[in-house]
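Each chain, letter by letter, is given below.
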Amino acid sequence: MAAAALGTAAGQVLGSLISPASAPLQAVGAAVIDLAPTGVKEWAIATVGTADKPLLLATVLVVVCGLGALAGLGAGRQPRAGDLVFIALGVIGIVAAVTRPAAGPWGVLPSVVAAAVSIGALRWQLGWDRRAPSGSPKGFDRRLLLTGGIGLVGAVATAGLPAARTATPTSAGRPLPPPASTPSAFPTGLEQTVAGISPLRTPVPDFYRVDTALFLPQLDPAGWRLAVTGMVANPFTLTWDDLVAMPLIERDVTLTCVSNEIGGPYCGSTRWTGVRVADLLERAQPSAAAEQVLSTSADGFTASTPLRALLDGRDAMIAVAMDGQLLTREHGFPARLLTPGLYGYVGATKWLTQLKLTTYAADEAYWTVRGWAEQAPVKTATRIDVPRGPVPAGATVVAGVAWATHRGISKVQVQIDGGPWQDARLGPDVGLDYWRQWYLPWDAPPGEHRLSARAYDGTGVPQTAQVRGVLPDGATGYHVIEVQVG
Ligand SMILES: Nc1nc2c(c(=O)[nH]1)N[C@H]1C(S)=C(S)[C@@H](COP(=O)(O)O)O[C@H]1N2
Ligand SMILES: [Mo]
């Protein structure tokens, strides 16, 4: 175990110097994410949330140390056996690194070094053991303590090291040109008057984050390129400067994750700045047979966006800023796709590097391969934000947000203890692509109460009451909460 930990620490240090994707724990962890069955990933998103990534790294480290213990036991009988275990671990690390697009040409080195250091450490420990006079294992203990101590502390300390390199995003002093098209002034939200309601615009630090990236891709606008390829008459590649020199639009858009359970937190709303995808497509001239745009991220993630949705007049964009600031690395710096009305996994590729016009038969996206629907428009959903927890009896308020992105929200209703559905008051209308705040004053009598909420989209269609889970194309059902009053 000591030898395994020591080798891992060495690989982690080297990996953090070469590229985060090449560090053994990150490479293997990222491969585990890609290979894990959809059910396991869903479980992780639902139960462990944002702690899923540290937990995964810790698990890989524990498994490596466990295999190290096996290597030690084996080596006690046959010295080669220990080497073989570490060689096998090294090969796993190498294969994982080679299959990471972001690992780079030197990506195999950290795993090679990790295996070599582990083998060396194990032999050093055993060598001492063999020379030590029988009945006095003191020297062995000292070596074990030394390598074990350094190894374990080192491995734990360096597990997250490769991910820690998060320089602030910068467009190298070139400010974004002013947008050519901006929405009307942003209205004041209900959060001024209704305590606990989701603010009309989600602050960037509170904006949910969902992705498969174990460490954030570190892209530099100077070297970044966006290729528009595939079934087009005129393929081309843009630099960052080319992109932002095109007309920029600013739009208020709500983004939701298909993994959001009814009432869940994976939904955020803000003002985005970017270039219309339709403008890029006009220049590329897609062939009539193209069905979808396969967008690719620097870390290999892909999404399939129906070409129809990009050309039907909605403001799908290559976003470069949110809430007036350059994208943060968490949210896709330097550029990401954003498609109003579609769940993130089919229209919001972060760390975007390529748009490929293609067909559904020719290319399948990351989550589609793993059992999620090919087409995924956002379903109408309502969330009750308050009351949260017990409230005193008397005048209070039931409030929350509802969204039916690209269809808008026309009505929200609340039901108390199975009584009549009451129309809630709606907050300001920020447009079809944006969520709507709502509230209902309530004179709460003491006792246990059950509150339900539902919305109608902009076309007058009510949210379905049918309760369904997130797989394969988004959860449905009303948000229902129990409240203790008095
Ligand atoms: N490169 C990349 N882009 C991605 C993903 C990903 O895993 N990798 N996840 C998608 C999913 S499932 C969602 S819901 C949105 C979330 O965007 P956010 O993290 O900025 O909120 O990003 C999308 N873009
Ligand atoms: Mo998502």
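The sections below set out a description of the structure shown in this document. (Residues numbered from 1 in each chain as written. Chains lettered and ligands numbered in written order. Predicted model: local features only at pLDDT ≥ 70, side-chain atom pairs only at ≥ 80, totals over all residues. Heavy atoms only, no water.)

Let's talk about the packing of aromatic side chains
Part 1 of the argument: Counting across every chain of the model gives 11 aromatic pairs.
Part 2 of the argument: When the ring of Tyr208 is compared with that of Tyr266, the centres are 5.9 Å apart and the planes differ by 50°; the resulting orientation is tilted. In this pair, Tyr208 sits in the loop between α7 (138-159) and β1 (225-230) while Tyr266 sits in the loop between β3 (248-256) and β4 (267-276), placing the two residues 58 residues apart along the sequence. Taken as a pair, Tyr208 and Tyr266 share a single burial class, namely buried.
Part 3 of the argument: Relative to Tyr478, the ring of Trp421 has its centre 5.4 Å away and its plane inclined at 75°; by these criteria the two rings are edge-to-face. With Trp421 in strand β14 (residues 421-423) and Tyr478 in the loop between β17 (447-457) and β18 (479-485), this pair connects stretches of sequence that are 57 residues apart.
Part 4 of the argument: Through successive ring pairs, a cluster of aromatic residues spans Phe301, Tyr345, Tyr366, Trp367 and Trp372. (Phe/Tyr/Trp six-rings, centres within 6.5 Å; stacked < 30°, edge-to-face > 60°. Helix = DSSP H or I, 4+ residues; strand = E, 2+ residues; numbered from the N terminus. Buried < 20%, exposed > 50% of the residue type's maximum accessible area, 1.4 Å probe, protein only.)

Regarding the sheet that holds strand β6 (residues 302-306)
Part 1 of the argument: Taken together, five strands build an open sheet; the order of strands is β2-β1-β10-β5-β6 and the sheet is mixed. The sheet is open, and its two borders are formed by β2 (236-239) and β6, each paired with just one other strand. When strand polarity is set aside, the average angle formed by the axes of neighbouring strands in this sheet is 20°.
Part 2 of the argument: Packing of helix α9 (residues 277-284) onto the sheet brings it into contact with β1, β2, β5 (292-297) and β10 (352-358), and relative to β2 it is tilted by some 140°. (Pairing = 2+ DSSP bridges. Axes fitted to C-alpha atoms, helices over the stretch in contact; angles between N-to-C directions. Contact = heavy atoms within 4.5 Å.)

Observations regarding the side chain of Gln463
Part 1 of the argument: Within the fold, Gln463 resides in the loop between β17 and β18.
Part 2 of the argument: Within the local environment of Gln463, its side chain forms a polar contact with the side chain of Thr382, the two groups lying 2.6 Å apart.
Part 3 of the argument: In this structure the side chain of Gln463 is engaged in a polar contact, spanning 2.9 Å, whose partner is the backbone oxygen of Gly477.
Part 4 of the argument: Apart from the residues within four sequence positions on either side, Gln463 is in contact with Thr380, Ala381, Thr382, Arg454, Ala455, Gly477 and Tyr478. (Polar contact = N/O pair within 3.5 Å; in protein donor to acceptor, adjacent residues only side chain to side chain.)

A word on the site of ligand 1
Part 1 of the argument: Not every one of the 19 residues close to ligand 1 is listed here, only the nearest: Tyr208, Thr212, His331, Arg336 and Lys350.
Part 2 of the argument: The separation between an oxygen atom of ligand 1 and a polar side-chain atom of His331 is 2.6 Å.
Part 3 of the argument: Within the side chain of Arg336, one N or O atom sits 2.7 Å away from an oxygen atom of ligand 1.
Part 4 of the argument: Surface burial for ligand 1 is 99%, taken as the share of its 530 Å² of free accessible area covered by protein chains.
Part 5 of the argument: Partitioning the shell around ligand 1 into residue classes produces nine nonpolar, five polar and five charged. (Near = heavy atom within 4 Å. Areas by Shrake-Rupley, 256 points an atom, 1.4 Å probe, with all protein chains shown as cover. Nonpolar A, V, L, I, M, F, W, Y, C, P; charged D, E, K, R; others polar.)

Regarding the nonpolar core
Part 1 of the argument: Counting residues in hydrophobic clusters, the biggest one holds 56 residues, and the most contacted among them are Phe86, Leu122, Tyr345, Trp403 and Trp435.
Part 2 of the argument: Listing elements by their share of this core, those giving two or more residues are α1 (2-18), α2 (24-35), α4 (52-77), α5 (79-98), α6 (109-131), α7, α11 (366-369) and β12 (394-403).
Part 3 of the argument: Of the residues forming this core, the biggest block, eight residues, is contributed by α4.
Part 4 of the argument: Contact partners of Trp435, with chain neighbours within four places excluded, come to Ser198, Pro199, Leu200, Thr202, Thr254, Cys267, Gly268, Ser269, Arg383, Val401, Ala402 and Trp403.
Part 5 of the argument: The next biggest cluster of nonpolar side chains, apart from the first, holds 32 residues, and it includes Leu219, Trp224, Phe236 and Leu352. (Core = buried A, V, L, I, M, F, W, Y, C linked by side-chain atoms within 4.5 Å.)

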